[in-house]
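# Topology and contacts: notes
Chain residues, written in single-letter form:
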Amino acid sequence: MTLIKWSDEGGTVRLGLPSDLDLAMAQPLLDSLRAGFAASRTIIAEAAAVERVSTACVQALLVASRHAAEQNRTFAIAQPSEVLAEACEDLGLDGWLKQWSQA
Amino acid sequence: MEDLSRFKQTYFDESAELLEVAESGLLRLTPGEVDSDEVNAIFRAVHSIKGGGGAFGFTDLVAFAHEFETVMDGVRNNTIPVTTELVDTLIRANDLLGQMLAYAREGDSAPAGTTDGTVAALRRHLSGGAQPAQAPAAAPAAPAPAPVPAAVYADDEDDEAGLFGDAMAAIAAARAEEDPVPPGKLRWTIVFRPRSDLLMSGNEPAFMLRALRRLGDATVECHTDALPTLQNLEAELLHLSWTVTLIADADVDLDKINDVFEFVADDCDIRITAEAPPPAAEAPPPVTDPVPVATAAPPAVVAATPEAPKAEPPKAEAARPRPNGGGAEHAGLTSHTIRVDLDKIDRLVNMVGEMVITQAMIAEHVRELPPGEFQELLEGLEQLAQHTRELRESVMSIRAQPVSSVFSRMPRLVRECAATTGKEVQLVTSGETTEVDKTVVENLVDPLTHMIRNSIDHGLEGPEERERVGKPRAGTVHLSAQHRSGRIVIEITDDGRGINRPKVLSKAIEKGLVPPGATLSDEDIDNLIFLPGFSTVDQVSNLSGRGVGMDVVRRNITSLGGRIGVYSTPGEGSRFVLSLPLTLAVLDGMVISVGEERFVLPLTNIVESLRPKAADLHGLVGKCDVMMARGEYVRLVYLHQLFGIPGAVADPTGALVVLVETEDGSRLGLVVDEVLGQQQVVIKSLEANFRRLDGVAAATILGDGRVALILDVAGLREMSRHMDSRAPRPPVAALPAPALEPV
């Protein structure tokens, strides 16, 4: 299992999303999200570096946000890059991104 | 959205048809011989029912259909193996879906727990197989999916024949009222539902959606209701779908939208609708074809699909190749069919009937015109007659339906009967595409059901008995249909033991249906099974043995103007032959006269008419008269005797003999005064207006306004056979010691 870069600061897990969130990165992202929720109640996905994004990775983030809502956890997408914002707009998920990037 | 209620009836009607499609497909689903087209058809049927149900907010139904559909998806992806147990479960699920539809139609909810058992069984198959392509829907106990726009599910490929195009249009129309399309623009609604493995083929939905956005002002709605949980998510499988509303200039046409999905056509379901602006003071600029959106009002709503729009079929076809090569004719815009209320067609049929009578009356009057005059009028009337005939045939063809709608019900019946009796039965059907009047088709279900049950219960032997006599363990029932002599002939043949004539006769004597000591021919004994109250089985079973069946069959067939015959060979099997008219409205007949009376003989029965010489006529002692015609003896039937008509020509040598043939090939010679001519006549039911008469199929009104009876040739044969006393006739030469079996 490959996990993307993450850190645990005072009970908050921070995932540093890589620049390339292509399809191949979906599984590591998903694994990282699962591991993050297993380790902490608060997960922050740092998205400032994202320069390329696939629908599969957006879907993984979407499922993570639902999981957080259902489990009463904290989840946020911090500083979404313009590329990620545009991708979410294309996918009709701009409202979702807005909601979860302000969490 | 109140407008949707108008389309509920259509939804239920069409769902009933889809259930039949699914059922017939399920019955053909055989372990080890899975036909992917068949599986796809079943999946599409269930999916379409679910989609329409979602549009109308039938949440229980949608939740259950989703369970059913998920398993079917596993079958079509080869992740769930087809087993006999699976097929049984799916058939039960199909039945249950029918019940859910019935509840929804009544506006009721299914009682709690109705689907639990079947859902559990479906899920067992799901868990026993590989990972399904889509996440199962909420369990019945969990919140059911919220009502969704029809567009979410009613995609073109999965929507058999574009069935829910009307609902889509209604949704669009309701929205158009709230939010009209700006003048000069078109509003496209694109429902994009990718298959879950779309991403693995390197396709990226975001690119397609971005390409759509470039075509105009787009609003993208992402549907996330199929998302699994974090733990169950497979990273590379897609669980999202989208509805895009695109306000675009009129030069954005269907092809441009198709182009966006060109490379994913096989990996997703797409449905596209277009709305034009309502007609307003400010006229919109002309809209380029391929979608006829700008003409209908208000608001113009057209369901379109990416493939084969009628306006530009080749280009659009190329833009979206179809998997499995089917379905191109499906969906709203491309549909070549319309639904018409049956009453409207019946009114049309009646009007054509009246027109035929009027045309015949005019033709009657025209005969009285001086010869050589009014040539143009005569030519015009000749043309009118021709057109009337064509119109009649066209109208009749509207009512024609293939018998497949009846035949498709029989595999299930056979399956159930086989299970009940413990026999192994193979059903073979042929001629399913044979068409016949809708009324006839509808009334065939009960008779065929009875006869097939009888064939299995009485005719076929058990597997062990069959092996003992050197037959294959599985018996075969063959159901066939074909057109013959202007009628439809349906045969049910089995390779069983045949009719046990001694047993039939003794039972008939025991029940007092036949006097003791009576001598009956094999054919007569076989026909005893059609007598009311007749049954040879000692034990009444669920299938048969109550003695109500074959008599009802015969009565039903007779009431349709048909006949039924049985032919049996001991040890080899039995054959039931049903002969029915193709239409119950109009027929081509020959008008004949007997005394002062006029009769109509169906043209399809007539072989020839001739005036016999005295030498051709012979009398069978104590029986009937026969005539030598074309090397064979033919029974003569004196119509004036059968119907008690005075003043008719009694001597065949001074009258005419019309040779007629029945469906089984036997011939009769009808003695008539005169043949008046051929005429198209409108059939008026005697049973509906008066009562049934032997030897008479129906009545009609002739051109001169007189009522004439339409003769039933086989009925006449029976009548003449049973005439005990014969009226005096001119003596004809008696045949010595005849060993002749008259027809």
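First things first, this report covers the structure right here in the doc. Residues take numbers from 1 onward in each chain, read along the sequence in its written order. Labels follow written order: the first chain is A, the first ligand is 1, and so on. Only residues with pLDDT of at least 70 are given local features in this predicted model, and only at 80 or more are side-chain atom pairs given and counted; all residues enter the totals for whole chains, interfaces and linings. As a rule here, side-chain values come from all non-hydrogen atoms in the structure, and water together with hydrogens is ignored.

## Regarding the interface of chain B and chain A
When the parts of a complex come together, some accessible area is lost, and that lost area is often taken as the interface size. Applied cut-off: Should any heavy atoms of two residues lie within 4.5 Å, those residues are considered in contact. Note: buried area is the sum, over both parts, of the accessible area (probe 1.4 Å) each one loses when the two are combined. Each polar contact in these results corresponds to two N or O atoms within 3.5 Å; when the atoms are within protein, one needs to be able to donate a hydrogen and the other to accept it, and residues that are neighboring in sequence are counted only if both atoms are side-chain atoms. Only runs of H or I of at least four residues qualify as helices and only runs of E of at least two qualify as strands under DSSP, and these elements are numbered from the N terminus. Put simply, Ala, Val, Leu, Ile, Met, Phe, Trp, Tyr, Cys and Pro go in the nonpolar bin, Asp, Glu, Lys and Arg in the charged bin, and everything else, Gly too, in the polar bin.
Each side of the interface is counted separately: chain B has 26 residues, and chain A has 22 residues. Buried area between chain B and chain A, summed over both chains or domains, comes out near 2,100 Å², and the portion from carbon and sulfur atoms is 59%. Looking at the side of chain B facing chain A, the largest losses of area belong to L230, L233 and A235 of chain B, adding up to 31% of the total buried there. Scanning the region where chain B abuts chain A turns up 11 residue pairs in polar contact (both at pLDDT 80 or more). Broken down by secondary-structure element, the contributors of at least two residues to the side of chain B that touches chain A are α8 (205-213) and β2 (217-223) of chain B. Top element by residues in the side of chain B that touches chain A is α8 of chain B. It accounts for five residues. A per-class count over the side of chain B that touches chain A returns 15 nonpolar, five polar and six charged.

## Here we look at the sheet that holds strand β13 (residues 586-594) of chain B
All names here are of chain B. This is how it is decided: Strands are labelled as partners when DSSP assigns at least two bridges between them. Interaxial angle, 0 to 180 degrees, is taken between N-to-C directions of lines fitted to C-alpha atoms, where a helix line uses only the stretch in contact.
The sheet built from five strands is open, its strands ordered β21-β13-β14-β23-β22 with mixed pairing. The open sheet has two edge strands, β21 (674-682) and β22 (696-701), and neither has a second partner. Here the strands of the sheet are splayed against their neighbours by 35 degrees on average, with no regard to which way each runs. By the bridge criterion, two bridges tie strand β14 (residues 597-602) to strand β23 (residues 707-711) in an arrangement that is parallel. Note that in β23 the partner of V600 across the bridge is I710. Taken strand by strand, helix α12 (residues 375-399) contacts β13 and β21, and its axis lies near 125 degrees from that of β13.

## Structural notes on the packing of aromatic side chains
Residue and element names in this part refer to chain B. To keep things clear, this is the line we draw: Paired rings are identified among Phe, Tyr and Trp, the last through its six-membered ring, by centres lying within 6.5 Å, and are further divided according to the angle between planes into stacked (under 30 degrees), edge-to-face (over 60) and tilted (the rest). Whether a residue is buried, partly exposed or exposed follows from its accessible area with a 1.4 Å probe, protein chains only, as a fraction of its type maximum: under 20%, in between, or over 50%, in that order. Definition used: whenever NZ (Lys) or CZ (Arg) falls within 6 Å of the ring centre and also within 35 degrees of the ring normal, the charge is taken to sit over that ring.
In the structure shown here, the tally under the stated rule is nine aromatic pairs over all chains. Seen in terms of ring centroids, F12 and F58 are 5.8 Å apart; in terms of plane orientation they differ by 25 degrees. Their pairing is stacked. Separated by 46 residues along the polypeptide, F12 in helix α1 (residues 5-28) and F58 in the loop between α2 (36-56) and α3 (59-76) bring together distant segments of the chain. Pair check on accessibility: F12 and F58 agree, each one buried. Here the basic side chain of R76 rests over the ring of F43, its NZ or CZ set 3.7 Å away from the ring centre.

## A word on unusual backbone geometry
The phi dihedral of Q79 of chain A falls on the positive side, at around 45 degrees, and the residue is not glycine. Within the fold, Q79 of chain A resides in the loop between β6 (74-78) and α3 (82-90). The exposure class assigned to Q79 of chain A is exposed, which follows from its relative accessible area of 56%. With a phi angle near 55 degrees, R630 of chain B is a residue other than glycine that sits in the positive phi range. Positionally, R630 of chain B belongs in the loop between β17 (625-629) and β18 (632-638). On the accessibility criterion, R630 of chain B (66% relative accessible area) is exposed.

As far as function goes, none of this settles anything; it's purely spatial.
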